[in-house]
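Each chain, letter by letter, is given below.
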Amino acid sequence: SLAGDFVEQLRLVREWARIFPLDLDALTAEVYLLCEFQDYGTAASVGLKSLARFPNALMLRNNTAYALAMAGEVERASRVLKPILTSIAYAIATAGLIELRRGRIREGLQLYRDAAEAVKKEAPDVGYAAQYVAQLAYHLRLVLSELKLDQSPQIREQPMALPRLTSDWLDDPTFMALARRA
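Computed from a predicted model, the values in this text were never measured in an experiment. (Residues numbered from 1 in each chain as written. Predicted model: local features only at pLDDT ≥ 70, side-chain atom pairs only at ≥ 80, totals over all residues. Heavy atoms only, no water.)

1. Focus on the overall build of the chain
Link 1 in the chain: A tally of regular secondary structure across the chain gives 10 helices and 0 strands.
Link 2 in the chain: When the helices and strands of the chain are listed from N to C terminus, the series reads α-α-α-α-α-α-α-α-α-α.
Link 3 in the chain: Residue pairs in contact within the chain that sit at least 24 positions apart in sequence constitute 58% of those at least 6 positions apart.
Link 4 in the chain: For the chain, the accessible surface area stands at approximately 9,600 Å², while carbon and sulfur atoms represent 53% of it. (Helix = DSSP H or I, 4+ residues; strand = E, 2+ residues; numbered from the N terminus. Contact = heavy atoms within 4.5 Å. Areas by Shrake-Rupley, 256 points an atom, 1.4 Å probe, with all protein chains shown as cover.)

2. Re a nonpolar patch on the surface
Link 1 in the chain: A cluster of nonpolar side chains, namely W16, I19 and F20, defines an oily patch on the protein surface of about 300 Å² accessible area.
Link 2 in the chain: In this structure, I19 sits in helix 1 (residues 6-19).
Link 3 in the chain: Residue class for I19 comes out partly exposed when judged on its relative accessible area of 45%. (Patch = residues over 30% accessible without salt bridge, like charges linked within 9 Å, V, L, I, M, F, W, Y side chains within 5 Å. Salt bridge = Lys/Arg side-chain N within 4 Å of Asp/Glu carboxyl O. Buried < 20%, exposed > 50% of the residue type's maximum accessible area, 1.4 Å probe, protein only.)

3. Looking at unusual backbone geometry
Link 1 in the chain: With a phi angle near 60°, Q38 is a residue other than glycine that sits in the positive phi range.
Link 2 in the chain: In this structure, Q38 sits in the loop between helix 2 (24-36) and helix 3 (40-53).
Link 3 in the chain: One non-glycine residue with positive phi stands out, namely K148, at about 60°.
Link 4 in the chain: In this structure, K148 sits in the loop between helix 8 (126-146) and helix 9 (167-170).
Link 5 in the chain: Judged by its relative accessible area of 68%, K148 is exposed.

4. A look at the packing of helix 6 (residues 89-101) against helix 7 (residues 105-122)
Link 1 in the chain: Close contact between helix 6 and helix 7 brings their axes to 7 Å; oriented N to C, the two are set at 175°. With respect to their mutual orientation, helix 6 and helix 7 come out roughly antiparallel. Residues A89, I92, A93, A95, G96, L97, E99 and L100 of helix 6 form the contact with helix 7, whose own contacting residues are I105, E107, G108, L109, L111, Y112, D114, A115, A118, V119 and E122.
Link 2 in the chain: Looking at side-chain class alone, the contact of helix 6 with helix 7 contains 13 nonpolar, 2 polar and 4 charged residues. (Axes fitted to C-alpha atoms, helices over the stretch in contact; angles between N-to-C directions. Parallel < 35°, antiparallel > 145°, perpendicular 65-115°, else oblique. Nonpolar A, V, L, I, M, F, W, Y, C, P; charged D, E, K, R; others polar.)

5. Things to note about the environment of G108
Link 1 in the chain: Among the secondary structure elements, G108 is positioned in helix 7.
Link 2 in the chain: For G108, a relative accessible area of 0% puts it in the buried group.
Link 3 in the chain: In this structure, the C-alpha to C-alpha distance between G108 and I98, residues 10 residues apart in sequence, is 7.3 Å.

6. Brief notes about the pattern of salt bridges
Link 1 in the chain: Under the definition given, this model contains 8 salt bridges.
Link 2 in the chain: We note a salt bridge from R102 to E75, for which the minimum N-O separation is 3.1 Å. Of this pair, R102 sits in the loop between helix 6 and helix 7 while E75 sits in helix 5 (residues 74-81), placing them 27 residues apart in sequence.
Link 3 in the chain: What makes E75 partly exposed here is its relative accessible area of 46%.
Link 4 in the chain: Salt-bridge contacts for E107 lead to R104; the nearest nitrogen and oxygen are separated by 3.6 Å.
Link 5 in the chain: The class of E107 is partly exposed, set by a relative accessible area of 32%.
Link 6 in the chain: Through salt bridges with shared partners, one network takes in E75, E99, R102, R104 and E107.

7. Focus on the nonpolar core
Link 1 in the chain: Ranked by size, the top nonpolar core spans 50 residues in total, and within it L97, L100, Y112 and V143 carry the most contacts.
Link 2 in the chain: Elements that contribute at least two residues to this core include exactly helix 1, helix 2, helix 3, helix 4 (58-70), helix 5, helix 6, helix 7 and helix 8.
Link 3 in the chain: Ranked by residue count, the leading element in this core is helix 6, at 8 residues. (Core = buried A, V, L, I, M, F, W, Y, C linked by side-chain atoms within 4.5 Å.)

Structure, rendered in C-alpha cells:
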C-alpha cells in the first residue's frame, strides 16, 4: 500500500504526469503532492503550465493559487484564484490563506470559517462534511505554523475546531499527510 509513503506517491504521480501530460488528474495530484512536500515553487510552476492547458480546472486552479501564495507570490495567487473564488469551498479557504499572507489575520481566519460553512453545504452527507472541515482545520494549522502566525497575539485560541472523525477517515492518506505535517 502507498498510504503514508508520500515520496513514492510523488514519484508515481510525476511519472504518470510525464507519460500522460494531458491527464488533468495527474497534473492536479502532482501540484497537490508537491505542496505536501512544501516545494511550493515547483508546485506553482507545474500548476501554471498545467493551467495553460486546463484553465477551467477548479482544483488545479485552487492548488496552484495555494502554491503561489505559500511561495510568497500573493498577488499572482489572487489573480489565479479569482475566476473560481465562489465556485468551491476550498477556493474560499485559499482566499483566506492569501489574506493571511497579506498580514490580514482576522480576514484570513474569517474566510477559513466561511469555507467550513460552504463545505458543509457542498458535502453529500454529515460524515463527508466532517472530513472536509477537518481538512480545512488541519490546513489552517499548517498555514499558521508555516507562516509563523501560530504565536501571533491575534490568534488567541484555536482558530478552527476539528470535528470528530470516524477511524476510516483517520486512515485516509490525506489525513495521514496532514497529521505528518501538523
